[in-house]
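The lines below spell out each chain.
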Amino acid sequence: MAVTGLLMLLFLIVHMLGNLKIFYGRDDFDHYAGWLRTIGEPVLHGAWYLWIQRFVLLLAVVLHATSAYQLSRRDLKARPTKYAHHQRAQAGYATHVMRYGGITLALFIIYHILDFTTLTLNRHGVEGAAYDNVVSSFSVWWVTAIYIVAMICLGLHIQHGFWSAAQTLGLNRPSRDRAVRGLATGLAVLLTVGFLIVPVAVLAGLVD
Amino acid sequence: MKLTLRIWRQAGPAEPGRMVAYEVPDANPDMSFLELLDVLNERLTLEGDDPVTFDHDCREGICGACGVVINGQAHGPRERTTTCQLHMREFSDGDVIDVEPWRSVAFGVVKDLMVDRSGLDRIIRAGGYISVNTGSAPEAHATPVPKPIADTAFDNATCIGCGACVAACPNGAAMLFASAKVTHLNSLPQGAPERTERVLNIVEAMDAEGFGGCTNTGECTVACPKGIPMDSIATLNREYLRASLGRK
């Protein structure tokens, strides 16, 4: 889970930075979107790189979810009896919502792909017109609301997940703990805010 | 102090259990929690009832025999304190206190508040040792140990194996216990010969007992009466990765 999680995190940072190109205007953004399909040319033919990346990411999601399912099953089996007196959790909210947040994110990823990759749910839905597709989706308040909820889930998931990955990989040490926790919170805030700037800007009419 | 205890009563491993309320009108703030149970048991015995079974031994907070979940917290509300060292002055007159046994599928209830913690012993047997010639123990100062390493090893050696980490863990995992043993012995030169097998065998034994997996919630460190830190779990993971990758 640690390795696949960090791989997906790396992708999300690049994805978030790419999204911000929308503020440079329609031509810039559409050109960037088009370039994403041709990375690796002429060594790789056409959209090969794109498909390799899609395959790796899909594999990461599947392995991440499978590990989460196996771990949850084992954990629920190990503690079948709850305490009559409810335990006061010492762990933070982010830790508490890992499972539900993860499921929410999985559903969101499906929705997100139907919205902007296959364009099935997109109101504009013109291939190559990335800028107009984005604007058409986020102009609808409830679409933006879905993205806001999902990105808050993402931030919480990263806040616990990043630190937890450092623990799992044995990278955490007493001298580094504050830095690792700080980095986890920093990445969580950066990605949540970075991803939400675009839909909120569209809804507010700053991008049209 | 007048207190109401709601205690988990279970006649045997296969019997159904339930919470039973008992009034203790004559509790003293200077009593330890175990002494409160003694007072209750004395009365139950005189009344011809079955006394409440609970584990205890040294009553000095160093043996790891005692331990119950008090109001949803392993060893009760006081930080870094075993049940025997918890005094009734931590509670108020008229309180209703819930007392339950450690809960994990690897800790079966023997009777009432007593659970079978032999799973922890089997983890120790798998790797909680070093190979030395006990016939002629070597001079301790012959093996120099740097101070920070000695401190880490000692901090982890303070684990008394009470099982509070397992009880507090929402996954019933024994990671903090296992990591204390691995960190203690793997950081010392005396533990070096078995460094690789130790961590592999301990993790294998832990899995075989049916303990849950770690999700890094940190609940164990809050419950631990000896303050074993989350860093020990990172050390166990580091040692495990190193051993799995076959590095010597």
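Predicted model only: the values in this text are computed from it and were never measured. One numbering rule holds for all chains: residues counted from 1, following each sequence as written. Whichever chain is written first is A, and whichever ligand is written first is 1; the rest continue in order. Residues qualify for local features only when their pLDDT is at least 70, as the model is predicted, and side-chain atom pairs are given and counted only at 80 or more; totals for whole chains, interfaces and linings, by contrast, use all residues. Side-chain numbers here rest on the full set of heavy atoms in the structure, without hydrogens or water.

Colleague: Outline the overall build of chain B, listing residues and values.
Modeller: Helix and strand assignments follow DSSP, with helices taken as H or I runs no shorter than four residues and strands as E runs no shorter than two, numbered in order from the N terminus. Regarding its fold elements, chain B presents eight helices and seven strands. In terms of C-alpha radius of gyration, chain B reaches 20 Å, essentially the compact-globule figure of 18 Å for 248 residues. Its C-alpha atoms put chain B at 60 × 35 × 35 Å along the principal axes. Looking at chain B as a whole, 50% of its 248 residues are labelled buried. What makes two residues a contact is simply this: any of their non-hydrogen atoms within 4.5 Å. Of all intrachain contacts in chain B linking residues separated by at least 6 positions in sequence, the fraction that spans at least 24 positions is 67%. We get accessible surface area from the Shrake-Rupley algorithm with a probe of 1.4 Å; when it comes to residues, only the shown protein chains can shield them. Counting every atom, chain B has about 11100 Å² of accessible surface; 52% of that belongs to carbon and sulfur. This radius of gyration counts C-alpha atoms alone. The globule rule is 2.2 Å times how many residues there are, raised to the power 0.38. Any residue under 20% of the maximum accessible area for its type is buried, any over 50% is exposed, and the rest in between are partly exposed; the area is computed with a 1.4 Å probe on protein chains only.

Colleague: Can you lay out the sheet that holds strand 5 (residues 96–100) of chain B for me, pointing to particular residues and giving the numbers?
Modeller: Residue and element names in this part refer to chain B. If you walk across this open sheet you meet the five strands as 2-1-5-3-4, and the pairing is mixed. Looking at which strands have only one partner, the edges of the open sheet turn out to be strand 2 (17–24) and strand 4 (73–74). We treat two strands as partners when DSSP finds at least two bridges between them. Two strands pair when backbone bridges link them, and strand 3 (residues 69–70) and strand 5 are joined in this way by two bridges, in the antiparallel orientation. If you follow Val69 over to strand 5, its bridge partner there is Glu100. Simply put, an axis is a line fit to the C-alpha atoms, just over the touching stretch for a helix, and the angle between two N-to-C directions goes from 0 to 180 degrees. The sheet contacts of helix 1 (residues 33–46) involve strand 1 (3–10), strand 2, strand 3 and strand 5, and relative to strand 1 the element is tilted by about 75°.

Colleague: Outline the interface of chain B and chain A, listing residues and values.
Modeller: The partner chain A presents 30 residues to the 37 residues of chain B that form the contact. Between chain B and chain A, the buried area comes to about 2600 Å², and carbon and sulfur atoms account for 49% of it. Buried area is understood as the total, over both parts, of accessible area removed when two parts are fitted together, assessed with a 1.4 Å probe. Among the residues of chain B in contact with chain A, B:Arg103, B:Asn216 and B:Arg238 are the three that bury the most area, contributing 20% of the side total. Here a polar contact means two N or O atoms within 3.5 Å. Within protein one must be a hydrogen donor candidate and the other an acceptor candidate, and residues neighboring in sequence count only if both atoms are side-chain atoms. Between chain B and chain A we count 22 residue pairs in polar contact (both at pLDDT 80 or more) in total.

Colleague: Which residues make up helix 2 (residues 118–127) of chain B, and what values go with them?
Modeller: All names here are of chain B. Every buried residue belonging to helix 2 is among Gly119, Leu120, Ile123, Ala126 and Gly127, and all of these are buried. End-on view of helix 2: buried residues confined to an arc of 115°, all on one side of the axis. On its buried face, helix 2 sits against helix 5 (175–186) and helix 6 (195–208). Working definition: the arc comes from the directions between the helix axis and the C-beta atoms, pointing outward to the latter.

Colleague: Tell me about a nonpolar patch on the surface, residues and numbers included.
Modeller: All names here are of chain A. Note that patches include only residues with greater than 30% relative accessible area and no salt bridge, and the join distances are 9 Å for like charges and 5 Å for nonpolar side chains (Val, Leu, Ile, Met, Phe, Trp, Tyr). Each salt bridge in this description consists of a side-chain nitrogen of Lys or Arg and a carboxyl oxygen of Asp or Glu lying within 4 Å of one another. A contiguous nonpolar surface patch, about 670 Å² in accessible area, is contributed by Leu7, Trp48, Ile52, Phe55, Val56, Leu59 and Leu63. It is helix 3 (residues 48–78) that provides the largest number of residues to the nonpolar patch, a total of six residues. Here Trp48 is to be found in helix 3. Relative accessible area serves as the criterion here: at 51%, Trp48 is assigned to the exposed category.

Colleague: Quick one: what's the story with the pairing of strand 1 of chain B, residue by residue and with numbers?
Modeller: All names here are of chain B. Of all eight residues making up strand 1, seven are buried, and the element is well covered by its neighbours. Counted between consecutive antiparallel strands, the loop separating strand 1 from strand 2 contains six residues. With four bridges connecting them, strand 1 and strand 5 associate as parallel partners. By the bridge assignment, Ile7 is partnered in strand 5 with Val99.

Colleague: I'd love a proper account of unusual backbone geometry, names of residues and values included.
Modeller: Residues other than glycine predominantly adopt negative phi, and peptide bonds predominantly adopt the trans conformation. All names here are of chain A. Of note, the amide linkage connecting Glu41 to Pro42 takes the cis form, showing an omega dihedral of 0°. As for its placement among the helices and strands, Pro42 is situated in the loop between helix 2 (26–36) and helix 3. Residue Leu119 is not a glycine yet carries a positive backbone phi of 65°. Along the chain, Leu119 falls in the loop between helix 5 (98–116) and helix 6 (130–138). Judged by relative accessible area, which is 14%, Leu119 ranks as buried.

Colleague: Would you mind going over the packing of helix 2 of chain B against helix 6 of chain B in detail, with residue names and values included?
Modeller: Residues and elements named next belong to chain B. Put simply, helix 2 and helix 6 touch, their axes get as near as 8 Å, and they point 155° apart. If you check the angle between helix 2 and helix 6, you find them roughly antiparallel. Along this stretch, helix 2 crosses helix 6, giving a crossing that reads as right-handed. On helix 6, the residues that touch Arg122, Ile123, Ala126 and Gly127 of helix 2 are Arg198, Asn201, Ile202, Ala205 and Met206. For this scheme, ten residues count as nonpolar: Ala, Val, Leu, Ile, Met, Phe, Trp, Tyr, Cys and Pro. Four count as charged, namely Asp, Glu, Lys and Arg, and the remainder, Gly too, count as polar. Looking at side-chain class alone, the contact of helix 2 with helix 6 contains five nonpolar, two polar and two charged residues. Note that the term roughly parallel is reserved for angles under 35 degrees, roughly antiparallel for angles over 145, roughly perpendicular for angles of 65 to 115, and oblique for everything else. The crossing is said to be left-handed when, going from far helix to near helix, the turn is anticlockwise and less than a right angle, and right-handed when the turn is clockwise.

Colleague: Can you tell me about the packing of aromatic side chains, naming the residues and giving the values?
Modeller: Residue and element names in this part refer to chain A. Two rings from Phe, Tyr or Trp (for Trp, the six-membered ring) form a pair when their centres are within 6.5 Å of each other. A pair whose planes differ by under 30 degrees is stacked, one over 60 is edge-to-face, and the rest are tilted. One pass over the structure, following the stated rule, counts nine aromatic pairs over all chains. Ring centres of Phe108 and Tyr147 lie 5.0 Å apart, and the angle between their planes is 85°; on these two criteria the pair is classed as edge-to-face. Taken together, the residues span a long stretch of sequence, with Phe108 in helix 5 and Tyr147 in helix 7 (residues 141–168) at a distance of 39 residues. Take Tyr147: its relative accessible area is 4%, and that puts it in the buried class. Relative to Tyr147, the ring of Phe138 has its centre 4.8 Å away and its plane inclined at 85°; by these criteria the two rings are edge-to-face. Judged by its relative accessible area of 5%, Phe138 is buried. Taken together, the aromatic side chains of Phe108, Tyr111, Phe116, Phe138 and Tyr147 make up a single cluster linked through ring pairs.

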